[in-house]
Amino acid sequence: MDALIRRPAVAFACIALMLVVVLGGQALADTLAAETSFTATGDAMGRAGFAYLTGVRIFASAILWNRIDPIYHEYYGDLPLAEHTYMLPTIKIITVLTPDFEEAYNVGAWVVARRGLVDEALELARQGVENNPKSGLLATNYAQILFLFADDPEAALAQAEIAFSDDMEWRDLFEQHDSYAVLRTLFKTCGEPERSEAVMVEIERLDAELGDRLPPGSHDHDGDGVPDH
């Protein structure tokens, strides 16, 4: 993956510079807080600096992701996932800037895995769950990578159990529904029919709760109930 990331290094030089500035500013804020922690003013400065730079990191990550996401959907949507290596340098930067940016790990692990770089895909998926231990999406993603690419059904089952636990958090019901469909198939394929059935019960509950609502990104401009894409 590192080789794939270095390829367009010149094009991303300015982004790397921004990263240095942001992280350098973060270190300065931390130093201010540490060196003057004996005063309320020092503590306030450190907290304000941390909050400001956190906002900068999140904002920068959102901008970077919003540059590649439309490219994927609007221009290269018909290409095999393995061909979307143009995403990887940006994904690397996003995961450094904002370790809780879930979608970057999810998409990046699949692009790398599809190129046959299984160890790198596992590492990225593992980093995702380590940095986001409550993310149902990334727990499901890690289980898939383990099962489909690493040929490790035992580890995949263990990760699927985590993904299906009550401790997981979901960004919306659609994400939870789609992930549960993946988990149901994984449990069934790995010879866990009872667990698969338990997931199906939850899928049916989500079906009832979602009703006729469209998933995020769908649009119905004509009012005819048919999404336009």
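Above this text is the structure in question.
Report follows, based on the coordinates. Since the structure is predicted, the reported quantities are computational estimates derived from the model, not experimental observations.

Thresholds applied
Residues numbered from 1 in each chain as written. Predicted model: local features only at pLDDT ≥ 70, side-chain atom pairs only at ≥ 80, totals over all residues. Heavy atoms only, no water. Helix = DSSP H or I, 4+ residues; strand = E, 2+ residues; numbered from the N terminus. Expected span 1.5 Å × (residues − 1). Buried < 20%, exposed > 50% of the residue type's maximum accessible area, 1.4 Å probe, protein only. Arc of directions from axis to C-beta. Contact = heavy atoms within 4.5 Å. Axes fitted to C-alpha atoms, helices over the stretch in contact; angles between N-to-C directions. Left-handed = near helix turned anticlockwise from the far one by under 90°. Nonpolar A, V, L, I, M, F, W, Y, C, P; charged D, E, K, R; others polar.

## Some points on helix 10 (residues 193-210)
- Taking 1.5 Å per residue, 18 residues should reach 26 Å; helix 10 reaches 25 Å between its end C-alpha atoms and fits that length.
- The set of residues buried in helix 10 consists of Ser196, Val199, Ile203, Leu206 and Leu210. Down the axis of helix 10, the sector holding all buried residues measures 75°, keeping them to one side. Exposed residues lying more than 90 degrees from the buried face of helix 10 are Glu194 and Ala208.
- Lining the buried residues of helix 10 we find helix 9 (173-189).
- Two residues or fewer past helix 10, Gly211 is found with a positive phi of approximately 60°.

## A word on the packing of helix 8 (residues 153-163) against helix 9
- At a closest axis distance of 10 Å, the pairing of helix 8 and helix 9 adopts a crossing angle of 145°. The hand of the helix 8/helix 9 crossing is left-handed. For the pair helix 8 and helix 9, the contacting residues are Ala156, Leu157, Ala160, Glu161 and Ala163 in the first and Tyr180, Leu183, Leu186 and Phe187 in the second.
- Looking at the contact of helix 8 with helix 9, its residues break down into 8 nonpolar, no polar and 1 charged.

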